[in-house]
Amino acid sequence: MPVARDSARILGTQVASAAFGAGYFLLLTRWFSPNDMAGLAVFGLVTGLAQIASNLGLGDTCIKKVPELRASGKGAEARGLMRTALAARVIASVAAAAVVWLAAEPLARLFFKMDGFAGLLRVAAAGALAASVLEAQQHLLWSLQRFDVFSRVMLVTNIPVRLVALAGFAWGGIHGYLMGVGAGQIALSAWLARVLGPEM
């Protein structure tokens, strides 16, 4: 049955990602210095805040409404809703990232009470932008019930992108790590744009 197959695929992806993530975190605690871990926390904070600020609720609306519209023969309306949701998410994400980028110096002093975090905040802002757009695209995959592609995206996000990030760390420390995360997400987002294109 398609539903059972899709559910099993997503569950398998989640289990594999969780197992890899546990080992990955243990590796980070051995490789990363306390300052590196602080930089990783900065990235997580900025990414989370950017996603909250740019969500606007449109992703959940698409997940609920797009299948209904497509089932009732309103394909054009469904595509319009998806385009609106994606465009709004991109604009809001760019705005949120720009605020963090421009205010990196005072934000670093306000939240972290120490020098050296402004540059990390800027790198984190760029990465948060990529992560937010990627999340919006995943909402669209769910809306279109493309669970096969969704499970692959989850797997790539949790394993290959993290491996690219580790290569970035070996090259440029925590800045390189965050750049590696961002580069992996941008590449994945570009591929998803091609997958979603015919549906939009």
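Since the model is a prediction, treat every value here as computed from it, not as a measurement.

What about the overall build of the chain?
Part 1 of the argument: Secondary structure assignment for the chain yields 8 helices and 0 strands.
Part 2 of the argument: Along the chain, helices and strands appear, N-terminal first, in the series α-α-α-α-α-α-α-α.
Part 3 of the argument: Whereas a compact globule of 200 residues would reach a radius of gyration of roughly 16 Å, the chain reaches 18 Å, a difference of no more than 12%.
Part 4 of the argument: Principal axes of the C-alpha set define a box for the chain whose edges measure 55 × 35 × 25 Å.
Part 5 of the argument: Across the 200 residues in the chain, those meeting the buried criterion constitute 41%.
Part 6 of the argument: Long-range contacts, defined here as pairs at least 24 residues apart, represent 75% of the contacts in the chain between residues at least 6 apart.

Things to note about a nonpolar patch on the surface
Part 1 of the argument: Taken together, the side chains of Leu45, Leu49 and Ile52 make up a nonpolar region of the molecular surface, amounting to roughly 310 Å² of accessible area.
Part 2 of the argument: As for its position among the elements, Leu49 is in helix H2 (residues 34–55).

Some words on the side chain of Gln185
Part 1 of the argument: You can see Gln185 is positioned in helix H8 (residues 160–196).
Part 2 of the argument: Among residues more than four places away in sequence, those in contact with Gln185 are Gly127, Ala130, Ala131, Leu134 and Val161.

A short note on the pattern of salt bridges
Part 1 of the argument: Tallied over the full model, the rule gives 7 salt bridges.
Part 2 of the argument: Where Glu199 meets Arg70, a salt bridge forms, and the shortest distance between an N and an O atom there is 3.6 Å. Placement of Glu199 in the segment after H8 and of Arg70 in helix H3 (residues 58–71) is noted, with a sequence separation of 129 residues between them.
Part 3 of the argument: Since its relative accessible area comes to 23%, Glu199 is described here as partly exposed.
Part 4 of the argument: For Arg70, a relative accessible area of 40% puts it in the partly exposed group.
Part 5 of the argument: The residue Arg109 makes a salt bridge to Glu105 at a minimum N-O spacing of 4.0 Å. With Arg109 and Glu105 both in helix H5 (residues 104–112), this residue pair falls 4 residues apart, about one helical turn.
Part 6 of the argument: A relative accessible area of 39% means that Glu105 is categorised as partly exposed.
Part 7 of the argument: Residues joined by salt bridges that share partners form a network here, namely Arg70, Arg146, Asp148, Arg152 and Glu199.

Section: the packing of helix H4 (residues 75–102) against helix H6 (residues 118–143)
Part 1 of the argument: Two elements in contact, H4 and H6, have axes whose closest approach is 9 Å; the angle formed by their N-to-C orientations is 170 degrees. Considered as vectors, H4 and H6 are oriented roughly antiparallel to each other. Across from Met82, Leu86, Arg89, Val90, Ser93, Val94, Ala97, Val100 and Trp101 in H4, the residues of H6 making contact are Leu121, Arg122, Ala125, Leu129, Ser132, Val133, Glu135, Ala136, Gln137, His139 and Leu140.
Part 2 of the argument: Its residues placed into classes, the contact of H4 with H6 shows 13 nonpolar, 4 polar and 3 charged.

Some thoughts on the packing of H3 against H4
Part 1 of the argument: Following both chains from N to C, one finds H3 and H4 inclined at 170 degrees, their axes separated by 9 Å at the closest point. With respect to their mutual orientation, H3 and H4 come out roughly antiparallel. For the pair H3 and H4, contact is made by Leu58, Thr61, Cys62, Lys65, Val66, Leu69 and Arg70 and by Gly75, Glu77, Ala78, Leu81, Met82, Thr84, Ala85 and Ala88, respectively.
Part 2 of the argument: Of the residues assigned to the contact of H3 with H4, the class counts are 9 nonpolar, 3 polar and 3 charged.

Remarks on the packing of aromatic side chains
One pair of aromatic rings is described through two measures. These are the centre distance and the angle between the planes.
Part 1 of the argument: A complete count under the given rule lists 5 aromatic pairs for this structure.
Part 2 of the argument: Aromatic side chains Trp142 and Phe147 sit 4.8 Å apart centroid to centroid with 75 degrees between the ring planes, which places their arrangement in the edge-to-face category.
Part 3 of the argument: The exposure class assigned to Trp142 is partly exposed, which follows from its relative accessible area of 32%.
Part 4 of the argument: Judged by its relative accessible area of 17%, Phe147 is buried.
Part 5 of the argument: Here Trp142 and Phe150 contribute two aromatic rings whose centre-to-centre distance is 5.0 Å and whose plane-to-plane angle is 70 degrees, an arrangement assigned as edge-to-face.
Part 6 of the argument: Looking at Phe150, the relative accessible area reads 13%, which means it is buried.
Part 7 of the argument: Members of the aromatic cluster, joined through ring pairs, are Phe32, Phe169 and Tyr177.

Parameters and conventions
Residues numbered from 1 in each chain as written. Predicted model: local features only at pLDDT ≥ 70, side-chain atom pairs only at ≥ 80, totals over all residues. Heavy atoms only, no water. Helix = DSSP H or I, 4+ residues; strand = E, 2+ residues; numbered from the N terminus. Rg over C-alpha atoms; globule rule 2.2 N^0.38 Å. Buried < 20%, exposed > 50% of the residue type's maximum accessible area, 1.4 Å probe, protein only. Contact = heavy atoms within 4.5 Å. Patch = residues over 30% accessible without salt bridge, like charges linked within 9 Å, V, L, I, M, F, W, Y side chains within 5 Å. Areas by Shrake-Rupley, 256 points an atom, 1.4 Å probe, with all protein chains shown as cover. Salt bridge = Lys/Arg side-chain N within 4 Å of Asp/Glu carboxyl O. Axes fitted to C-alpha atoms, helices over the stretch in contact; angles between N-to-C directions. Parallel < 35°, antiparallel > 145°, perpendicular 65-115°, else oblique. Nonpolar A, V, L, I, M, F, W, Y, C, P; charged D, E, K, R; others polar. Phe/Tyr/Trp six-rings, centres within 6.5 Å; stacked < 30°, edge-to-face > 60°.

All quantities given are derived from atomic positions and should not be read as evidence of function.
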